[in-house]
Amino acid sequence: MKIIRFLKNWTLPVSMTSGVLAYFIGSSLPLSAESKGSILRFIEMLQPTLLFIMLFVAFCKVKPSALKPRRWHLWLILTQTGLFAACAALLWLYPDTDARLVLEGFMLAIICPTATACAVVTQKLGGDSATTTAYTILINLVVAVMAPLLLPFAHPQAGVTFVPAFITIIKKVFPLLILPLLLAWLVRYCLPRLHKAILATKDLAFYMWAVALALALAITVRALVHSNESLWHVAAIAGATLIACLFQFAFGKWIGGKYGFRMEGGQAMGQKNTIFIIWLGYTFMSPITATAGGFYSVWHNIVNSWQLYKKRKA
């Protein structure tokens, strides 16, 4: 019972540690390159599947009428997009700066949309998950426009323009955000018995997210191990994402607190879709920039673990 209680209380740290250990244990096994490739492809397929189901369960618990924009949403969006635009302008004006990798990591950590699991953690913390769900939808749509608009200036690549980049990002966002929302609404109004059964599940989405987090950490560690960048660059990106994480949690709480949603504001701005950061870095920048997602995943989950600990002690 003590072990079960420990796992329930410290789900996120256990999940993060398990992901790191899983990579090193898996990489040390005497498997062929083909077998390891198959495992990696399975993980890449399992991850979005878990996120889809997790989001579907979370969205079933949110009434559509509660998904309305709020004034503090606008302030958070303006702050994220403003900082992202400022970083893009700096990289466009100074393309050969030695701080390029650090700035790229920081700007991805800023513009990255709210984590799809934000509603799950907000609910676990006793907050209004509908407000963070509404912000998650809004910021994902904003990022789908802002990222392809400014990334070609920050990190020019041949053939990367607004329209193809926009389509690429929408293809990534739509299946993992909009589809589970639409399916949840369909079940709510057309299959009430199934909807009632889903509502009866307690913490299912949270524990599914813990599994997805472990997989994300394993992939992140793999990217770091195979990176050829210097320790200085890696450490600098880690530091930049830490600053971005602490700033966004603090600023989100400050703005949200002015409208009676202090905790929700911090979660909406601080808890990020780190898998999206990794994908955005690999797709539009560089593999080393993509590690920003892995570092941010560690930082924001440490913050969430601390918040959950304080919630239990309250």
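Structural notes, computed from the coordinates. (Residues numbered from 1 in each chain as written. Predicted model: local features only at pLDDT ≥ 70, side-chain atom pairs only at ≥ 80, totals over all residues. Heavy atoms only, no water.)

Looking at helix 7 (residues 129-154)
Point 1. Largest kink in helix 7: about 30°, centred on Ala 147, with the proline Pro 148 one to four residues after it.
Point 2. Within helix 7, 20 of the 26 residues are buried, leaving the element largely enclosed by the surrounding structure.
Point 3. The N-terminus of helix 7 is capped by Asp 128, whose side-chain oxygen sits 3.1 Å from the backbone nitrogen of Ala 130. (Bend = angle between axes of the 7 residues up to and from the residue. Helix = DSSP H or I, 4+ residues; strand = E, 2+ residues; numbered from the N terminus. Buried < 20%, exposed > 50% of the residue type's maximum accessible area, 1.4 Å probe, protein only. Polar contact = N/O pair within 3.5 Å; in protein donor to acceptor, adjacent residues only side chain to side chain.)

Side note on the pattern of salt bridges
Point 1. Under the counting rule described, the total for this entry stands at one salt bridge.
Point 2. Here Glu 104 makes a salt bridge to Arg 100, at a shortest N to O gap of 2.8 Å. With a gap of four residues between them, Glu 104 and Arg 100 both fall in helix 5 (residues 100-111), about one helical turn apart. You'll find Glu 104 and Arg 100 in the same group, each marked buried. (Salt bridge = Lys/Arg side-chain N within 4 Å of Asp/Glu carboxyl O.)

Notes on the packing of helix 4 (residues 71-93) against helix 11 (residues 231-258)
For any two helices packed against each other, the geometry is given by the interaxial angle and the distance between the axes.
Point 1. In the contact formed by helix 4 and helix 11, the axes pass within 10 Å of each other and the chain directions differ by 150°. Here helix 4 lies roughly antiparallel to helix 11, going by the angle between them. Two packed elements cross with a definite hand, and for helix 4 against helix 11 that hand is right-handed. Between helix 4 and helix 11, the contacting residues are Trp 72, Trp 75, Leu 76, Thr 79, Gln 80 and Leu 83 on the first element and Phe 247, Gln 248, Phe 251, Gly 252 and Ile 255 on the second.
Point 2. Across the contact of helix 4 with helix 11, the residue classes tally to seven nonpolar, four polar and no charged. (Axes fitted to C-alpha atoms, helices over the stretch in contact; angles between N-to-C directions. Parallel < 35°, antiparallel > 145°, perpendicular 65-115°, else oblique. Left-handed = near helix turned anticlockwise from the far one by under 90°. Contact = heavy atoms within 4.5 Å. Nonpolar A, V, L, I, M, F, W, Y, C, P; charged D, E, K, R; others polar.)

Description of the packing of aromatic side chains
Point 1. A complete count under the given rule lists six aromatic pairs for this structure.
Point 2. For the ring pair Trp 72 and Tyr 135, a centre distance of 6.4 Å and an interplane angle of 20° mean the geometry is stacked. Of this pair, Trp 72 sits in helix 4 while Tyr 135 sits in helix 7, placing them 63 residues apart in sequence.
Point 3. Counting every residue linked through ring pairs, the aromatic cluster contains Trp 72, Tyr 135 and Phe 261. (Phe/Tyr/Trp six-rings, centres within 6.5 Å; stacked < 30°, edge-to-face > 60°.)

Topic: the environment of Leu 199
Point 1. Considering the arrangement of structural elements, one finds Leu 199 in helix 9 (residues 192-199).
Point 2. You can call Leu 199 partly exposed: its relative accessible area is 40%.
Point 3. Separated by 142 residues in the primary sequence, Leu 199 and Val 57 place their C-alpha atoms 7.9 Å from one another.
Point 4. For Leu 199, the contacting residues outside a window of four places in its chain are Cys 60 and Lys 61.

Description of a nonpolar patch on the surface
Point 1. Nonpolar side chains collect at one region of the surface, where Leu 21, Ile 25, Leu 29, Leu 31 and Ile 39 lie side by side and expose about 440 Å² of accessible area between them.
Point 2. Within the secondary structure, Leu 29 is located in the loop between helix 2 (11-28) and helix 3 (33-60).
Point 3. What makes Leu 29 partly exposed here is its relative accessible area of 41%. (Patch = residues over 30% accessible without salt bridge, like charges linked within 9 Å, V, L, I, M, F, W, Y side chains within 5 Å. Areas by Shrake-Rupley, 256 points an atom, 1.4 Å probe, with all protein chains shown as cover.)

All we've got here are geometric facts, nothing functional implied.
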